[in-house]
Amino acid sequence: MTTSRPQGEQPRRRAPAGAAVLREDVTEAIRTAVFEELASVGYARMSIEGIARRAGVGKTAVYRRWRSKLHLVLDLVSAIAVQGLPAPDTGSLEGDLRLLYEVTSRALRHPVASQIIPDLQAEAARNPDIAEALQKALREGQHGVASGIVRAAVARGEIRGTADEDLALDLISGPLYWRSVVVRADLPKGYLATLASATAAGLRAL
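So, a few notes on the structure that sits alongside this text. Just so it is clear, the structure is predicted and the values come from calculations on it, not from any experiment.

Rules used throughout
- Residues numbered from 1 in each chain as written.
- Predicted model: local features only at pLDDT ≥ 70, side-chain atom pairs only at ≥ 80, totals over all residues.
- Heavy atoms only, no water.
- Core = buried A, V, L, I, M, F, W, Y, C linked by side-chain atoms within 4.5 Å.
- Buried < 20%, exposed > 50% of the residue type's maximum accessible area, 1.4 Å probe, protein only.
- Helix = DSSP H or I, 4+ residues; strand = E, 2+ residues; numbered from the N terminus.
- Patch = residues over 30% accessible without salt bridge, like charges linked within 9 Å, V, L, I, M, F, W, Y side chains within 5 Å.
- Areas by Shrake-Rupley, 256 points an atom, 1.4 Å probe, with all protein chains shown as cover.
- Salt bridge = Lys/Arg side-chain N within 4 Å of Asp/Glu carboxyl O.
- Lys, Arg positive; Asp, Glu negative; His and termini not counted.
- Charge placed at Lys NZ, Arg CZ, Asp CG, Glu CD.
- Polar contact = N/O pair within 3.5 Å; in protein donor to acceptor, adjacent residues only side chain to side chain.
- Contact = heavy atoms within 4.5 Å.

## Details of the nonpolar core
- Residues I30, V34, L72 and V73 are the most contacted members of the largest nonpolar core, which totals 27 residues.
- Looking at this core, the elements with two or more residues in it are α1 (24–41), α2 (48–55), α3 (59–65), α4 (69–83), α6 (111–124) and α7 (128–140).
- Looking at this core element by element, the count peaks at six residues for α4.
- If you look at the next biggest cluster of nonpolar residues, it comprises 20 residues, including L93, L97, L100 and Y101.

Structural data, given as structure tokens:
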């Protein structure tokens, strides 16, 4: 028996057979698992199986979203670059620098970040795709915020508009990164305030 459809009513479209709905909670669980797996075993020993097990999902759930562990890590690094850091707006160059250093220092001290960043740096020396993604993350994240600090300071008349921007960004971003990521030394009390003051003085001298 055939049922008639009212005139003008369009037939309902059915989802294609086998179409997968990618649940956001599963995607977030996998992303969290990747960070934990990187911190635990490093990129070289990380596997899709280990990520899936840690996330409590099947391997298929991972492969539906990313083709390989390389694509997964590149996606996460790019996502971090897009999120970036909050742009300080304290009304002074030194205040902006100090706030930037406080936020960055907390992020770099995080146990997961302190394990992942050196590992990805080592991997970047062997893998140009990871090297490019890390460069992009640093440029769009830390350097994007540093550029905003420089532009605001120029607008307030705190530093000269003719200052070399690349050198200014190196002055702002380099010392804390060197101390926290390369040397991996503890920061003494008052270090960030002193660093902000010294960096501000250096920027004024450009």
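## Quick word on unusual backbone geometry
- Unusually for a residue other than glycine, R184 sits at a positive phi of about 55°.
- Looking at the secondary structure, you find R184 in the loop between α9 (165–182) and α10 (191–205).

## A look at a negative patch on the surface
- Taken together, the side chains of D164, E165, D166 and D170 make up a negatively charged region of the molecular surface.
- With respect to the helices and strands, D166 occurs in helix α9.
- In this structure D166 comes out as exposed when scored by relative accessible area, which is 56%.

## Remarks on the side chain of K69
- Topologically, K69 is positioned in helix α4.
- We note that K69 is buried and unpaired, the nearest opposite charge coming from E123 at a distance of 7.0 Å.
- Here A44 takes part through its backbone oxygen, which lies 3.2 Å from a polar atom of the side chain of K69.
- Sequence-distant contacts of K69, that is, excluding residues within four places in its chain, are made with Y43, A44, R45, M46 and I48.

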